[in-house]
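# Survey of secondary and tertiary structure
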Amino acid sequence: MRRILILLSVSLFSVGAALAQSLNVHEGQVTYSYPYDETTTMTYGTNTLTINGEEFELANITSITGSSEQLSPAQVYVNYDGTTATIVMSGDLRGRVTAQISGANVSLTDVAVAEEGELAEVTYHLSGASSDGSFLHTGSYKCAVSLEGVSLQSSACPMQIDNGKRIDIIVAEGTQNTFCDGGNNMRKSAFWVKGHAEFSGAGVLNITGTQRHAYSSNEYTQLKKSFTGTINILGAASDGMHVDQYYEQRNGKVTFANIAGDNIDVACTTDAQDEFNGQVIISGGVLNCVANGDDAKCIKSEASMAITGGDLSLRCTGDGSKGLSVAGDLLVEQDVEAASNVRPRIYMLATGDEYVNPADASDTSKCRGIKVKGSFTFNGGTIERDPSSTIKSSKIISVDGDYIYKAATYSNCSFPK
């Protein structure tokens, strides 16, 4: 009976083929979409239907329909609707990308590997909302994840990208995208990326990490020049953004609120040969940071830090808090060779008291706007101390190594001693 119904569906589709652009094969909540001109010949077995060499079990097909829309190759669309989710993917991905759905928890696995040569990069488009939903991508081939108005709250981790390759994260223009985790989250963060995360787009991304970090990546995170949107870290039980290897911001706006730990914490990887290992690199964009926890930092690097553009607002209100905490050398200069040629600006408000470690009274830390353990070179831009800072102008910048002043502007603060 099922085979007869499917044959009837295909026959009806053929009658309207002049209007249809694609044939959609539905297996429950997952749909495979094929261009109509690629499905003019289909092979039936006793219990199977074969399209473009991919075999479907007739028992698993719930329906076959025609559509006036045609998907481009290597595209996956995931839509969340409360307690459920649906997936539509281009037919060329059948056999390459496998899908599992449990309620509104979506898991997609790409079995392609880099050794197979140049393949089409899959783009995953996410939309809709769920108060108990999640997205998990697993693979070892570069891909893109496009956030197109998606809101996910989960008792575990709502966003997991388990892939060691380059991941384009597109925050679609005009969209609001929100992720918040819950008490069962065993990951480092609510938005977790294993791989090289590169952000672009012009939308808004809101992240809250109730258990640990809000955002984390185990390799570099880069906000590209083409990123003109906003990332709001709305809360974190630990760090707002915890990044291994390096953090680079070329554009866009990032804001932090309600952060118990550091706003941005960049750590070295275990491979000392990794590029820019442990570094912070800022050449543009806006950063609004607030370090209100004890011994917390607005921006912390385990190695050097270079600021050649951008507007940084560093508010240090916690005891022993720091605006910039640099384990290596700090360079602040205007990049005259850059097309934008924007002078960096660093604004500091420092009102925290001295922090005393309750486990060791000899372990203390003073509040500072900038703390550099290596050397500090200042060669362009402005460093401005808010007049209401309780840390005086002669103490708000602390440098353990050499201080090299070339050409720059101080406002309401003096050269570090």
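For the structure, check the block above.
All residue numbers refer to position in the chain's written sequence, counted from 1. Reporting in this predicted model follows two pLDDT cut-offs: at least 70 for local features of residues, and 80 or more for side-chain atom pairs to be given and counted; totals over whole chains, interfaces and linings ignore these cut-offs and use all residues. Computation of side-chain values: all heavy atoms of the structure, hydrogens and water removed.

Here we take up the packing of aromatic side chains. We call Phe, Tyr and Trp rings a pair once their centres come within 6.5 Å, taking the six-membered ring for Trp, and we label the pair stacked below 30 degrees between planes, edge-to-face above 60, and tilted otherwise. Scanning all chains against the criterion turns up 17 aromatic pairs. Between Y246 and F276, the aromatic rings sit 5.3 Å apart at their centres with planes inclined by 90°, giving edge-to-face as the arrangement. Within this pair, whereas Y246 is found in strand β22 (residues 246-249), its partner F276 is found in the loop between β24 (264-267) and β25 (279-291), the two being separated by 30 residues in sequence. Burial classification: accessible surface area is computed with a 1.4 Å probe over protein chains only, and a residue below 20% of its type maximum counts as buried, one above 50% as exposed, and the rest as partly exposed. Judged by relative accessible area, Y246 falls into the buried class, the value being 4%. On the basis of relative accessibility, which here comes to 35%, the residue F276 falls in the partly exposed class. Elements are defined by DSSP. Helices are runs of H or I of four residues or more, strands are runs of E of two residues or more, and each kind is numbered from the N terminus.

Glancing now at the sheet that holds strand β4 (residues 48-51). Spatially, the 3 strands line up as an open sheet ordered β3-β4-β5, and their pairing is antiparallel. Each having just a single partner strand, β3 (43-44) and β5 (54-57) make up the two edges of the open sheet. Note on pairing: DSSP must find at least two bridges between two strands before they are called paired. Direction of pairing for β3 relative to β4: antiparallel, over a ladder of 2 bridges. Pairing of Y44 across the sheet is with L49, part of β4.

Another aspect to go through is the nonpolar core. Within the largest apolar cluster, 94 residues are counted, with the highest numbers of intra-cluster contacts made by L147, I299 and L324. Every residue pair with non-hydrogen atoms within 4.5 Å of one another is taken to be in contact. Filtering out sequence-adjacent residues up to four positions away, L147 remains in contact with L126, M159, I169, I170, V171, A172, T175, N177, F179, F191 and L205. We call a set of buried residues a nonpolar core when its members are Ala, Val, Leu, Ile, Met, Phe, Trp, Tyr or Cys and they connect through side-chain atoms within 4.5 Å of each other.

Moving on to the pairing of strand β34 (residues 376-379). Pairing of strand β29 (residues 330-333) with β34, which is carried by 4 bridges, proceeds in the parallel orientation. Within the sheet, the bridge partner assigned to L331 lies in β34 and is T377. Bridge analysis of β34 against strand β37 (residues 403-405) gives 3 bridges, and the strand direction is parallel. What sits directly across from F376, in β37, is Y403.

Mapped onto the fold, E38 is located in the loop between β2 (30-35) and β3. For E38, a relative accessible area of 42% corresponds to the partly exposed category. Along the sequence, E38 and I51 sit 13 residues apart, while their C-alpha atoms lie 8.4 Å from each other.

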